[in-house]
Amino acid sequence: MNLLPQILMCPPDYYGIEYEINPWMDTDRPADRHAAQHQWHGLRDLLEQLGARITLIDPVPGLPDLVFTANAALVHDDVAVMANFRYAQRQRETPINAQWFRTHGFRVEFLPEGLAFEGAGDALFCGDTLFAGYRIRSDMRSEQLIGEMLNCRVIALPLVDPYYYHLDTCFCPLAPGIALYYPGAFDHYGIDALRAHIETLIPVDADEARHFACNAVVVGKAVVSNSGSPKMQAALQGLGFATYDTPLSEFVKAGGSAKCLTLRLNGEEALQHRPESIVADRTSRV
Ligand code: ARG
């Protein structure tokens, strides 16, 4: 059995700031395509060095945000619950992503039309519970339906700051019972819900949150994030994690960073329940 962490990425060949659907994006502040390629490869190489296996989906002209594979779907065991993007600019990504999941052995599920949901960007397991961000990009009803579909508990968290429009920009499960979060992105009820369900919550300050400290990729005990979050890294090192950073400033211009550029295909480290099937080598089924 292949236990390597498997991660889906999309090369940034057609990446750019071509529209504005979150406050980070400004079409007058374009991304440098050459620098973006370089940064994307830096992230990919680092994840591979840490033991992840990277699987690619082909980039498509006219879909600059396809590079943010975290939004493609919520993957759990062999099920991929496809995104229903809030904005028309990203809606054409879904058939392309669905086709990829189908041909790679996943059971593809769709939510009812009109219910927004943006994949792993807004739905992250910590322990056996699915934490789900809603209000800005996903609807709470979508997340309730996913809970029924996957038969798991869902804690729905309203996102209150437009800069932290996806849950993965302000919350990062690291292991069962341990997560990073940026308190400024949640209301009191959200913070209380996080505290009630996660034993060790590590706060990130506003300055490091802006550098996407919470948008980290976890591979075993290694945590990979954009450059610029030394306090977060020191806190994680104190808990026994190994921290790595790599510059991703070209992607921050679109409101994304390390985690957004990846989608874990065989069970995040923070997921408690890891049935045999989710650690099996899925990409070899092609
Ligand atoms: N420009 C993209 C959007 O606004 C960025 C997506 C970032 N992805 C994420 N998982 N946070 O949709």
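As a starting point, this report considers the structure included with it. Here the structure is a predicted model, which means the values were calculated and not measured.

What counts, and at which threshold
Residues numbered from 1 in each chain as written. Predicted model: local features only at pLDDT ≥ 70, side-chain atom pairs only at ≥ 80, totals over all residues. Heavy atoms only, no water. Helix = DSSP H or I, 4+ residues; strand = E, 2+ residues; numbered from the N terminus. Rg over C-alpha atoms; globule rule 2.2 N^0.38 Å. Buried < 20%, exposed > 50% of the residue type's maximum accessible area, 1.4 Å probe, protein only. Contact = heavy atoms within 4.5 Å. Pairing = 2+ DSSP bridges. Axes fitted to C-alpha atoms, helices over the stretch in contact; angles between N-to-C directions. Phe/Tyr/Trp six-rings, centres within 6.5 Å; stacked < 30°, edge-to-face > 60°. Near = heavy atom within 4 Å. Polar contact = N/O pair within 3.5 Å; in protein donor to acceptor, adjacent residues only side chain to side chain. Areas by Shrake-Rupley, 256 points an atom, 1.4 Å probe, with all protein chains shown as cover. Nonpolar A, V, L, I, M, F, W, Y, C, P; charged D, E, K, R; others polar. Right-handed = clockwise from strand over helix to strand, strands pointing away.

### So, the overall build of the protein chain
Reasoning step 1: Across its full length, the protein chain holds nine helices and 15 strands.
Reasoning step 2: Its C-alpha radius of gyration of 17 Å places the protein chain within 12% of the 19 Å reference for a compact globule of 286 residues.
Reasoning step 3: In terms of principal-axis extent, the alpha carbons of the protein chain reach across some 45 × 40 × 40 Å.
Reasoning step 4: Here the protein chain, with 286 residues, has 60% of them falling under the buried criterion.
Reasoning step 5: Pairs at least 24 residues apart make up 68% of the contacts formed inside the protein chain by residues separated by at least 6 positions.

### Details of the sheet that holds strand β12 (residues 217-219)
Reasoning step 1: If you walk across this open sheet you meet the three strands as β12-β13-β14, and the pairing is mixed. The sheet terminates laterally at β12 and β14 (242-246), the two strands that pair on one side only. Geometrically, the sheet is characterised by an average inter-axis angle of 25° between neighbouring strands, direction not taken into account.
Reasoning step 2: Pairing of strand β13 (residues 222-226) with β14 involves five bridges; the strand directions are parallel. Of the residues in β14, the one forming a bridge with V223 is T243.
Reasoning step 3: Helix α1 (residues 33-49) rests against β12, β13 and β14 of the sheet, and its axis sits at about 160° to β14.

### Digging into the environment of L174
Reasoning step 1: Residue position: L174 is located in strand β9 (residues 171-175).
Reasoning step 2: Distance in space between the C-alpha atoms of L174 and A216 is 8.9 Å, their sequence separation being 42 residues.
Reasoning step 3: When neighbours within four sequence positions are excluded, L174 is seen to be in contact with A179, L180, I202, V218, V223, L236, F241, E269 and A270.

### Quick notes on the sheet that holds strand β7 (residues 129-134)
Reasoning step 1: Spatial strand order, β6-β7-β8: three strands in an open sheet with mixed pairing. Each edge of the open sheet is held by one strand with a lone partner, namely β6 (123-126) and β8 (153-158). Along the sheet, successive strands turn relative to each other by an average axial angle of 30°, direction set aside.
Reasoning step 2: Taken together, the four bridges between β6 and β7 define a ladder with antiparallel strand orientation. Within the sheet, the bridge partner assigned to A123 lies in β7 and is A132.
Reasoning step 3: Its contacts with the sheet put helix α4 (residues 140-150) on β6, β7 and β8, and the angle it makes with β7 is roughly 160°.

### Overview of the packing of aromatic side chains
Reasoning step 1: For the structure on display, the rule yields twelve aromatic pairs.
Reasoning step 2: Taken together, a centroid distance of 5.2 Å and an interplanar angle of 85° make the contact between W100 and F101 edge-to-face.
Reasoning step 3: Here a set of aromatic residues connected by ring pairs shows up, and it is made of W24, Y163, Y164, Y182 and F212.

### Regarding the site of the ligand
Reasoning step 1: Within the structure, the ligand sits among 17 residues, and N22, R90, R137, D168 and C260 are positioned closest to it.
Reasoning step 2: Take D168: an N or O atom from its side chain is 2.7 Å from a nitrogen atom of the ligand.
Reasoning step 3: One nitrogen or oxygen atom from the main chain of A254 is found 2.9 Å from a nitrogen atom belonging to the ligand.
Reasoning step 4: When the ligand sits alone it has 350 Å² of accessible area, and the protein chains cover 100% of it.
Reasoning step 5: Residue composition of the shell around the ligand, grouped by class: seven nonpolar, six polar and four charged.

### Looking at the pairing of β8
Reasoning step 1: Looking at chain direction, β7 and β8 are connected through six bridges and run parallel. Directly across from G133, in β8, lies its bridge partner L157.
Reasoning step 2: This β-α-β element, β7 to α4 to β8, shows right-handed connectivity.

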